[in-house]
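What the coordinates show
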Amino acid sequence: MLISVYVPLLITMVIAVFAPRAAALLAPRPAAWSLASAALVASLGWLGSLALLAFAGLVQIPEVAEEGRWSVAAVRASDPVYLTVAGLAALTLLASLAGLVVATTRQLRHLRWARRECRLLPGDTELAVLDMELPEAFALPGAPGRIVVSRGMLRCLAEREREALLAHERAHLRDRHHLFQTLWRLTAAVNPLLRPLSGAGGFVLERWADEEAAVRVGDRTVVAHAVGRAALATSANRSRPVLAATGGAVPQRVRALLAPPPPRRALPFVAGAALLVVCCASLADAATDSEQMIETAQHAECVASVTAAAPSSVPPHGPCCEHRHDHERLAGPVGHR
């Protein structure tokens, strides 16, 4: 456990630095799934490592050891985690869990707000056109979701560009991109080191919707023009929703649309999958070591207690107390055999 418990923490730092760069080398759809998987596993590994470190310090407290009937000396001999490290891990764990609770509450409120807005929008179709001059276009997740476009935005675009814009927003709803965003926000609340994944993920989702729109329209140039025109029209609007055609780094999106479709690359995906496997394996190994540590400490305390009670009747490597007591109950008193 001394080494394996820290491996998920190190892998989390590696993922935070290199995952956004690796995602840029993948096609948008697999990149989004890779970032989501990396964020989920890294955050769970982060929480698991902190919990094991905090547990290693908790079991060294004499009052806790007395309740659990294990030897503090045996714990410290088999798993030398300093109490300072364990205390910092416990505080960090509490902060991560508190951040998760706060972020979950905010996301639930946001989803409820989006569903309420969907019900309040005019009409009962997927598309809701607002009678306003301010250019707007975004997708509202709900059951079902709605696409919101203002008349000002429609006037800014040609007919085929309008089709591309609607296909873009429809891709956000169909592929449930708001769930990816929710996951990234929650994992970033658990571990602030994972915030770069949330930023990279937002761009990847816009690129994913761009590629879906290009397939639907059949012309990548039209989609690039629609994205550029919509971004210029809404450049003065600072309160744009996240799932909007004008989100993300627009110049990079336009440049990608004017280029051929992104090729399929397996190396970044394979490297990321290997890191996640190592993270899970290290966490499982650390948990197994913790369990064995407690069993060894309980056995040491058991042998010490019985030795103190009857030092001449216990062999140096005798059985565990529970086994010994069970044997005595089955055999009965010596005088009745």
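Summarised in this report is the structure supplied together with it. Bear in mind the structure is a predicted one, so any value in this text is a computation, not a measurement.

Some details on the overall build of the protein chain
From N to C terminus, the protein chain includes 13 helices and three strands. Split into buried and exposed, the 337 residues of the protein chain put 42% on the buried side. For the protein chain, contacts bridging at least 24 residues in sequence account for 70% of all contacts bridging at least 6. Accessible area for the protein chain stands at about 18400 Å²; split by element, carbon and sulfur atoms hold 63% of it.

Let's talk about the layout of surface pockets
Of the voids in this model, the largest pocket is the one considered here, and its volume is about 360 Å³. As for the largest pocket, its lining consists of 21 residues, of which Ala22, Ser34, Pro268, Gly272 and Ala273 are closest to the centre. The element best represented in the lining of the largest pocket is helix H12 (residues 267-309), accounting for eight residues. Across the lining of the largest pocket, the residue classes break down as 18 nonpolar, three polar and no charged.

Regarding unusual backbone geometry
Positive phi is not limited to glycine here, since arginine 176 has a value of about 55°. Among the structural elements, arginine 176 can be located in the loop between helix H7 (159-174) and helix H8 (177-190).

Re the sheet that holds strand S1 (residues 127-130)
Taking strand neighbours across the sheet as the criterion, the three strands line up as S1-S3-S2 in an open arrangement whose pairing is mixed. On the outer flanks of this sheet lie S1 and strand S2 (137-140), each paired with one strand and no other. Taking the axes of each pair of neighbouring strands and ignoring which way they run, one obtains an average angle of 20° across the sheet. Pairing geometry for S2 and strand S3 (residues 146-150), over four bridges, is antiparallel.

So, a positive patch on the surface
A contiguous patch of positive charge on the surface is contributed by Arg106, Arg109, Arg112, Arg115, Arg116, Arg119 and Arg176. Positionally, arginine 119 belongs in helix H5 (residues 83-120).

Thoughts on the packing of aromatic side chains
Under the defined criterion, the tally for this structure stands at three aromatic pairs. A centroid spacing of 6.0 Å and a plane angle of 45° characterise the contact between phenylalanine 180 and tryptophan 184, whose relative ring orientation is tilted. One end of the pair is phenylalanine 180 and the other is tryptophan 184, both in helix H8 and four residues apart, which spans about a single turn. Considered together, phenylalanine 180 and tryptophan 184 belong to a single accessibility category, that of buried residues. The structure contains a cluster of three or more aromatic residues connected by ring pairs, namely Trp33, Phe180, Trp184 and Trp208.

Structural notes on the packing of H7 against helix H9 (residues 195-217)
Where H7 meets H9, the closest approach of the two axes is 8 Å, and the angle between their N-to-C directions is 125°. The angle between the axes of H7 and H9 places the two elements in the oblique class. Crossing hand, H7 versus H9: right-handed. Together, Arg160, Glu163, Ala164, Ala167, His168, Ala171, His172 and Arg174 of H7 and Leu205, Glu206, Ala209, Asp210, Glu212, Ala213, Arg216 and Val217 of H9 make up the contact between the two elements. Per-class residue counts for the contact of H7 with H9 are seven nonpolar, two polar and seven charged.

Topic: the pattern of salt bridges
Pairing is possible between side chains that carry opposite charge, provided their charged atoms lie close to one another. All told, the structure shown has nine salt bridges when counted by the stated rule. Arginine 151 is the partner of aspartate 131 in a salt bridge, and the nearest nitrogen-oxygen pair spans 3.7 Å. One end of the pair, aspartate 131, is in the loop between S1 and S2; the other, arginine 151, is in helix H6 (residues 151-156), with 20 residues separating them in the sequence. On the basis of relative accessibility, which here comes to 68%, the residue aspartate 131 falls in the exposed class. What you see here is one network of salt bridges that share partners, running through Glu206, Asp210 and Arg253.

Quick look at the packing of helix H1 (residues 7-23) against helix H2 (residues 28-58)
Packing of H1 against H2 brings their axes to within 9 Å, and their N-to-C directions diverge by 165°. Judged by the angle between their axes, H1 and H2 are roughly antiparallel. For the crossing formed where H1 meets H2, the hand is left-handed. Of H2, the residues touching H1 (which contributes Pro8, Leu9, Thr12, Ile15, Ala19, Pro20 and Ala23) are Ala31, Leu35, Ala38, Ala42, Gly45, Trp46, Ser49 and Leu53. Of the residues that constitute the contact of H1 with H2, the class distribution is 12 nonpolar, three polar and no charged.

Re H7
Taking 1.5 Å per residue as the helical rise, H7 with its 16 residues ought to reach 22 Å, and the 22 Å between its terminal C-alpha atoms agrees with that figure. Within the sequence span of H7, burial applies to Glu161, Ala164, Leu165, Leu166, Ala167, His168, Glu169, Ala171, His172 and Leu173.

The rules behind the values
- Residues numbered from 1 in each chain as written.
- Predicted model: local features only at pLDDT ≥ 70, side-chain atom pairs only at ≥ 80, totals over all residues.
- Heavy atoms only, no water.
- Helix = DSSP H or I, 4+ residues; strand = E, 2+ residues; numbered from the N terminus.
- Buried < 20%, exposed > 50% of the residue type's maximum accessible area, 1.4 Å probe, protein only.
- Contact = heavy atoms within 4.5 Å.
- Areas by Shrake-Rupley, 256 points an atom, 1.4 Å probe, with all protein chains shown as cover.
- 1 Å grid on protein atoms, 1.4 Å probe; cavity = no way out; pocket = protein on both sides within 12 Å on 5 of 7 lines; lining within 4 Å.
- Points joined across faces, edges and corners; volume = space filled by probe spheres on them.
- Nonpolar A, V, L, I, M, F, W, Y, C, P; charged D, E, K, R; others polar.
- Pairing = 2+ DSSP bridges.
- Axes fitted to C-alpha atoms, helices over the stretch in contact; angles between N-to-C directions.
- Patch = residues over 30% accessible without salt bridge, like charges linked within 9 Å, V, L, I, M, F, W, Y side chains within 5 Å.
- Salt bridge = Lys/Arg side-chain N within 4 Å of Asp/Glu carboxyl O.
- Lys, Arg positive; Asp, Glu negative; His and termini not counted.
- Charge placed at Lys NZ, Arg CZ, Asp CG, Glu CD.
- Phe/Tyr/Trp six-rings, centres within 6.5 Å; stacked < 30°, edge-to-face > 60°.
- Parallel < 35°, antiparallel > 145°, perpendicular 65-115°, else oblique.
- Left-handed = near helix turned anticlockwise from the far one by under 90°.
- Expected span 1.5 Å × (residues − 1).

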